[in-house]
Amino acid sequence: MFPPYNIRVSGGFVLLAIWFVLANGWEPLATVLGAAAVHELGHWAVLRMLGAEVTGFRLGVLGAVLETNSRRLSYGGELAAVLAGPAGNLLAAFLLTVLGKGRWPAAVGANLVLCAFNLLPIRPLDGGRALYLLSAWAAGPVAGEAAVRWAGGVTAAALAALIAWVMLRTGGSLWLALLASVYWGAMPWHSGGCL
């Protein structure tokens, strides 16, 4: 039996979900939320296996957060819990590919994108947390902080350059870049194509 958790959903998430449904329909939202659920279940399963107490769950515009009492976890245990979310998405993408035989490209793509995005070395994403834990485990907390700051800065600069490039390719409009991203993300559901 599951213990009671403190579950909070932000108003911003609800508004974003409504907008997404109005723009794309229910199926893409269900696919994205399914990939997010797999991700969080990966974290949850490893935390529970390691004896960490999961106390709550927050769902906001920028993603989901499991609230835990992980003070008892070692660097290795916390690293396993952090990487379990992306690993769950990778496993789900593999299983959907093998079992679906090409029937669920949007679900495969949603899991792969969520896995890749969460592995970016930026805090509070899983990749940033994993980089900190690895560096701190190997060379101490100060080295962990330095590694995350450096990698996060380089990654942020690369993402800014990518956004600038997309803006140039779309005529200089960030709104066009965002609309193009939504359109490209919705294409598999409208055309039956692959991601």
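For the structure, check the block above.
Residues numbered from 1 in each chain as written. Predicted model: local features only at pLDDT ≥ 70, side-chain atom pairs only at ≥ 80, totals over all residues. Heavy atoms only, no water.

Caption draft 1: Layout of the pairing of strand 3 (residues 63-69). In the sheet, strand 2 (residues 53-60) pairs with strand 3 via seven bridges, with the strands oriented antiparallel. Paired with F57 across the two strands is L66, which belongs to strand 3. Here strand 2 folds back onto strand 3 in antiparallel fashion, the turn holding two residues. (Pairing = 2+ DSSP bridges. Helix = DSSP H or I, 4+ residues; strand = E, 2+ residues; numbered from the N terminus.)

Caption draft 2: Highlighting the packing of aromatic side chains. In this structure the tally under the stated criterion is zero aromatic pairs. Directly above the ring of W104 sits R103, whose terminal nitrogen or CZ lies 5.0 Å from the centroid. (Phe/Tyr/Trp six-rings, centres within 6.5 Å; stacked < 30°, edge-to-face > 60°. Lys NZ or Arg CZ within 6 Å of the ring centre and 35° of its normal.)

Caption draft 3: How the structure looks around a nonpolar patch on the surface. A surface patch of nonpolar side chains, amounting to about 610 Å² of accessible area, comprises I7, V9, V14, L15, I18 and L22. Of all the secondary-structure elements, those providing two or more residues to the nonpolar patch are strand 1 (6-9) and helix 1 (11-24). No other element matches helix 1, which puts four residues into the nonpolar patch. Within the element layout of this structure, L22 appears in helix 1. For L22, a relative accessible area of 73% corresponds to the exposed category. (Patch = residues over 30% accessible without salt bridge, like charges linked within 9 Å, V, L, I, M, F, W, Y side chains within 5 Å. Areas by Shrake-Rupley, 256 points an atom, 1.4 Å probe, with all protein chains shown as cover. Salt bridge = Lys/Arg side-chain N within 4 Å of Asp/Glu carboxyl O. Buried < 20%, exposed > 50% of the residue type's maximum accessible area, 1.4 Å probe, protein only.)

Caption draft 4: Main features of the pairing of strand 2. Where strand 1 and strand 2 come together, four bridges link them in parallel fashion. The residue bridging N6 from the neighbouring strand is G56, located in strand 2.

Caption draft 5: Representation of the sheet that holds strand 1 within the structure. Spatially, the three strands line up as an open sheet ordered 1-2-3, and their pairing is mixed. With one partner strand each, in any of the chains shown, strand 1 and strand 3 form the two edges of the open sheet. When strand polarity is set aside, the average angle formed by the axes of neighbouring strands in this sheet is 15°. Against the sheet, helix 2 (residues 26-49) engages strand 2 and strand 3, with an angle of about 10° to strand 3. (Axes fitted to C-alpha atoms, helices over the stretch in contact; angles between N-to-C directions. Contact = heavy atoms within 4.5 Å.)

Caption draft 6: Spatial organisation of the pattern of salt bridges. Inspection of every chain in the model, using the stated rule, returns five salt bridges. We note a salt bridge from E78 to R129, for which the minimum N-O separation is 3.8 Å. With E78 in helix 3 (residues 75-100) and R129 in helix 5 (residues 126-139), the pair connects residues that are 51 residues apart, well separated along the chain. Look at R129 and you get partly exposed, because its relative accessible area is 33%. When salt bridges with common partners are traced through the structure, they connect R8, R58 and E67 into a single cluster.

Caption draft 7: Representation of the side chain of H43. Checked against the element boundaries, H43 lands in helix 2. Within the local environment of H43, its side chain forms a polar contact with the backbone nitrogen of G85, the two atoms lying 3.5 Å apart. (Polar contact = N/O pair within 3.5 Å; in protein donor to acceptor, adjacent residues only side chain to side chain.)

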